[in-house]
Amino acid sequence: MLELSILGFLAEEPLHGYELKERIKALSGHVRPVSDGALYPAINRLVAAGLLDQRTEEGASAAPRRVLSLTEQGRAELLERLRGPKQAEITDHVRFNTVLAFLRHLDDPAEQAAVLRRRLDFLEAPASFFYRQGEPVRAEEAGDLFREGMLRVARATGKAEREWLREAIGTLSRAASRRTPASAR
């Protein structure tokens, strides 16, 4: 997800490492902090793979800064990752939010909707944090104030997310149908 964040933020504008780290931290740092020991090796891997360009420019009142930008190959890689997120990027809430943060870079509403449908399908499958005899435990059956709280909050946020996903998929589907020529329908 770190690489996706790097590619996504640099698709918006060139940034130097510190700016990039601050944007990644704002996106998911409160849940999954990013360290210099993870960020800079990831940047170096992406530069070596030809996905990023780097140039040095004078710092305002400091040492010269390394400015990073996305290459055409990097843009293609970003779009490919957005078109086909890994299953963990669909099922893990924080990872999915990272995908959502950059999904607008896909130009095709049908492709955007397909990613959202995968998340909706995942959320509609019965699930729980806790199971009894192989069956998901509902909040009302938790028998524990704190587990009940976890389950109630998860149910409420899941309901809100499913509602938004359905609305967004509808909006994107209508947009996709307007883009399709009448002869192709």
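We now turn to the structure provided with this report.

The rules behind the values
- Residues numbered from 1 in each chain as written.
- Predicted model: local features only at pLDDT ≥ 70, side-chain atom pairs only at ≥ 80, totals over all residues.
- Heavy atoms only, no water.
- Helix = DSSP H or I, 4+ residues; strand = E, 2+ residues; numbered from the N terminus.
- Buried < 20%, exposed > 50% of the residue type's maximum accessible area, 1.4 Å probe, protein only.
- Contact = heavy atoms within 4.5 Å.
- Areas by Shrake-Rupley, 256 points an atom, 1.4 Å probe, with all protein chains shown as cover.
- Lys, Arg positive; Asp, Glu negative; His and termini not counted.
- Charge placed at Lys NZ, Arg CZ, Asp CG, Glu CD.
- Core = buried A, V, L, I, M, F, W, Y, C linked by side-chain atoms within 4.5 Å.
- Expected span 1.5 Å × (residues − 1).
- Arc of directions from axis to C-beta.
- Polar contact = N/O pair within 3.5 Å; in protein donor to acceptor, adjacent residues only side chain to side chain.
- Axes fitted to C-alpha atoms, helices over the stretch in contact; angles between N-to-C directions.
- Parallel < 35°, antiparallel > 145°, perpendicular 65-115°, else oblique.
- Left-handed = near helix turned anticlockwise from the far one by under 90°.
- Pairing = 2+ DSSP bridges.

1. Focus on the overall build of the protein chain
Part 1 of the reasoning: In terms of regular secondary structure, the protein chain is built from 8 helices and 5 strands.
Part 2 of the reasoning: Sequence-ordered secondary structure for the protein chain, helices as α and strands as β, is α-β-α-α-β-β-α-α-α-α-β-β-α.
Part 3 of the reasoning: Projected onto the principal axes, the alpha-carbon positions of the protein chain cover approximately 60 × 55 × 25 Å.
Part 4 of the reasoning: Taken over 185 residues, the protein chain has a buried fraction of 36%.
Part 5 of the reasoning: Taking the contacts inside the protein chain whose residues are at least 6 apart along the sequence as the reference set, 54% of them involve residues at least 24 apart.
Part 6 of the reasoning: When the accessible surface of the protein chain is summed, it comes to about 11,100 Å², and 52% of that surface belongs to carbon and sulfur atoms.
Part 7 of the reasoning: Counting 29 positive and 27 negative side-chain charges, the protein chain places the centres of these two groups 3 Å from one another.

2. Brief notes about the nonpolar core
Part 1 of the reasoning: Among the nonpolar cores identified, the biggest contains 36 residues, and Ile 6, Leu 10, Leu 20, Leu 52, Leu 82 and Leu 116 are the most heavily contacted of them.
Part 2 of the reasoning: At the level of secondary structure, the elements contributing two or more residues to this core comprise helix 1 (2-12), helix 2 (17-29), helix 3 (36-48), strand 3 (65-70), helix 4 (72-83), helix 6 (93-102), helix 7 (109-124) and helix 8 (145-179).
Part 3 of the reasoning: The leading source of residues in this core is helix 1, at 6 residues.
Part 4 of the reasoning: What Ile 6 contacts, discounting residues up to four positions off in sequence, is Leu 20, Ile 24, Leu 39, Ala 42, Ile 43, Leu 46 and Leu 52.
Part 5 of the reasoning: In this structure, Phe 130, Ala 139, Ala 142 and Leu 151 belong to the second largest nonpolar core, which totals 5 residues.

3. Quick look at helix 7
Part 1 of the reasoning: Counted at 1.5 Å a residue, the expected span for helix 7 with its 16 residues is 22 Å, and the 22 Å between its end C-alpha atoms agrees.
Part 2 of the reasoning: Burial in helix 7 covers these residues: Pro 109, Gln 112, Ala 113, Val 115, Leu 116, Arg 119, Leu 120 and Leu 123. Taken down its axis, helix 7 places every buried residue within 160 degrees of arc, on the same side.
Part 3 of the reasoning: Buried residues belonging to helix 7 abut helix 4, helix 5 (87-91), helix 6 and helix 8.
Part 4 of the reasoning: Put simply, Asp 108 is the residue that caps the front of helix 7, since its side-chain oxygen is 2.9 Å from the backbone nitrogen of Ala 110.

4. Observations concerning the side chain of His 105
Part 1 of the reasoning: Relative to the elements of secondary structure, His 105 occurs in the loop between helix 6 and helix 7.
Part 2 of the reasoning: For His 105, a relative accessible area of 15% translates into the label buried.
Part 3 of the reasoning: Not counting chain neighbours up to four residues away, the residues in contact with His 105 comprise Gly 8, Ala 11, Glu 12, Leu 78, Leu 79 and Leu 82.

5. Re the packing of helix 6 against helix 7
Part 1 of the reasoning: As a packed pair, helix 6 and helix 7 sit with axes 12 Å apart at the nearest point and diverge in direction by 165 degrees. For the element pair helix 6 / helix 7, the angle class is roughly antiparallel. The element helix 6 and its partner helix 7 pack so that their crossing is left-handed. Contacts from His 93, Phe 96, Val 99 and Leu 100 of helix 6 reach helix 7 at Val 115, Leu 116 and Arg 119.

6. A few points about helix 1
Part 1 of the reasoning: Helix 1 sits mainly inside the fold: 9 of its 11 residues count as buried.
Part 2 of the reasoning: All of the buried residues in helix 1 are Glu 3, Leu 4, Ser 5, Ile 6, Leu 7, Gly 8, Phe 9, Leu 10 and Ala 11.

7. What to know about the environment of Leu 39
Part 1 of the reasoning: Along the chain, the position of Leu 39 falls in helix 3.
Part 2 of the reasoning: Sequence separation of Leu 39 and Val 137 is 98 residues, and the distance between their C-alpha atoms is 39 Å.
Part 3 of the reasoning: Once residues within four sequence positions are removed from consideration, Leu 39 is found in contact with Leu 2, Ile 6, Gly 17, Leu 20, Lys 21, Ile 24 and Val 34.

8. Let's talk about the sheet that holds strand 3
Part 1 of the reasoning: Strand order in the open sheet formed by 3 strands is 1-3-2, and the pairing between neighbours is antiparallel. Looking at the sheet topology across the chains shown, the edges are occupied by strand 1 (15-16) and strand 2 (52-57).
Part 2 of the reasoning: As judged from the 2 bridges shared by strand 1 and strand 3, these two strands associate in the antiparallel manner. Residue pairing across strands places Leu 15 opposite Leu 68, the latter belonging to strand 3.
Part 3 of the reasoning: Across the sheet, helix 1 lies against strand 1, strand 2 and strand 3, angled at about 90 degrees from strand 3, the strand it touches most.

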